[in-house]
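An overview of the molecular structure
Below, each chain spelled out in residue letters.
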Amino acid sequence: PDGELYDTKEQELALATLMRKYQVNAVLYHWKNSMHKDHMACHAIVTDAWFYAAIAGFERELPPHFARTLYYAENWEDAQDFKPYVYMDVSQGFALWEKAINHHAFTVHGSFPYKEYYSHLKRLRGIEGRKQYCECFMLPPEQVKLVKTLEDM
């Protein structure tokens, strides 16, 4: 149930096994600073599972696998210290997203205007990214590196 995710070693190892099994290359999940305990637990579980999946000295049934990129999704409930780094153009899928979000219970019932908030946020991020609509992601500090060659300039 919503709000009832807990960080346990069992959860971390189960997720690490799935990361190894499916050879995950990128992981999209919650930023650590949240007003929700389950979002913070998700961050801790995924971060530790990512480590366990990659480390060769941690022997499991499947061989180690390193997911190269971690992405923290932008979320109003996890906004403290969130710094957008990657802007993804979602203009082509915006109409489908708008149609789909109308069927999610958390956007239809409740006091917070989720659909309005996120549709405006996508537009704002789109303006910043010089597109119609964008979604933003944060990267861990050790992954915030932009490498360009002279040909890219």
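That block above? That's the structure.
First, a word on what this report is: a plain description of the structure on this page. (Residues numbered from 1 in each chain as written. Predicted model: local features only at pLDDT ≥ 70, side-chain atom pairs only at ≥ 80, totals over all residues. Heavy atoms only, no water.)

A few words on the overall build of the protein chain. In terms of regular secondary structure, the protein chain is built from five helices and four strands. Seen in sequence order, the protein chain has helices and strands lined up from the N terminus as α-β-α-β-β-α-α-α-β. Classification of the 153 residues of the protein chain by burial places 32% in the buried group. The contacts of the protein chain with a sequence gap of at least 6 include a subset with a gap of at least 24, amounting to 74%. (Helix = DSSP H or I, 4+ residues; strand = E, 2+ residues; numbered from the N terminus. Buried < 20%, exposed > 50% of the residue type's maximum accessible area, 1.4 Å probe, protein only. Contact = heavy atoms within 4.5 Å.)

With that settled, consider the sheet that holds strand S2 (residues 69-73). With mixed pairing, four strands are arranged side by side in an open sheet as S1-S2-S4-S3. Looking at the sheet topology across the chains shown, the edges are occupied by strand S1 (26-30) and strand S3 (86-89). For this sheet, the mean angle separating the axes of adjacent strands, direction not counted, is 40 degrees. Its contacts with the sheet put helix H5 (residues 114-128) on S3 and strand S4 (134-138), and the angle it makes with S4 is roughly 80 degrees. (Pairing = 2+ DSSP bridges. Axes fitted to C-alpha atoms, helices over the stretch in contact; angles between N-to-C directions.)

A full pass over the atoms with the stated rule returns three salt bridges. Where Arg125 meets Glu74, a salt bridge forms, and the shortest distance between an N and an O atom there is 2.4 Å. Linking Arg125 in helix H5 with Glu74 in the loop between S2 and S3, this pair joins segments that are 51 residues apart in sequence. Judged by its relative accessible area of 18%, Glu74 is buried. One connected set of salt bridges, linked through shared partners, spans Glu74, Arg125 and Glu128. (Salt bridge = Lys/Arg side-chain N within 4 Å of Asp/Glu carboxyl O.)

Bringing the environment of Asp38 into the picture now. Relative to the assigned elements, Asp38 resides in helix H2 (residues 37-54). The exposure class of Asp38 is buried, given its relative accessible area of 11%. Between the alpha carbons of Asp38 and Asp7 there is a distance of 8.5 Å; along the sequence they are 31 residues apart. If sequence neighbours within four positions are ignored, Asp38 has contacts with Asp2, Gly3, Glu4 and Leu5.

Read these as layout, nothing more, since geometry by itself doesn't imply function.
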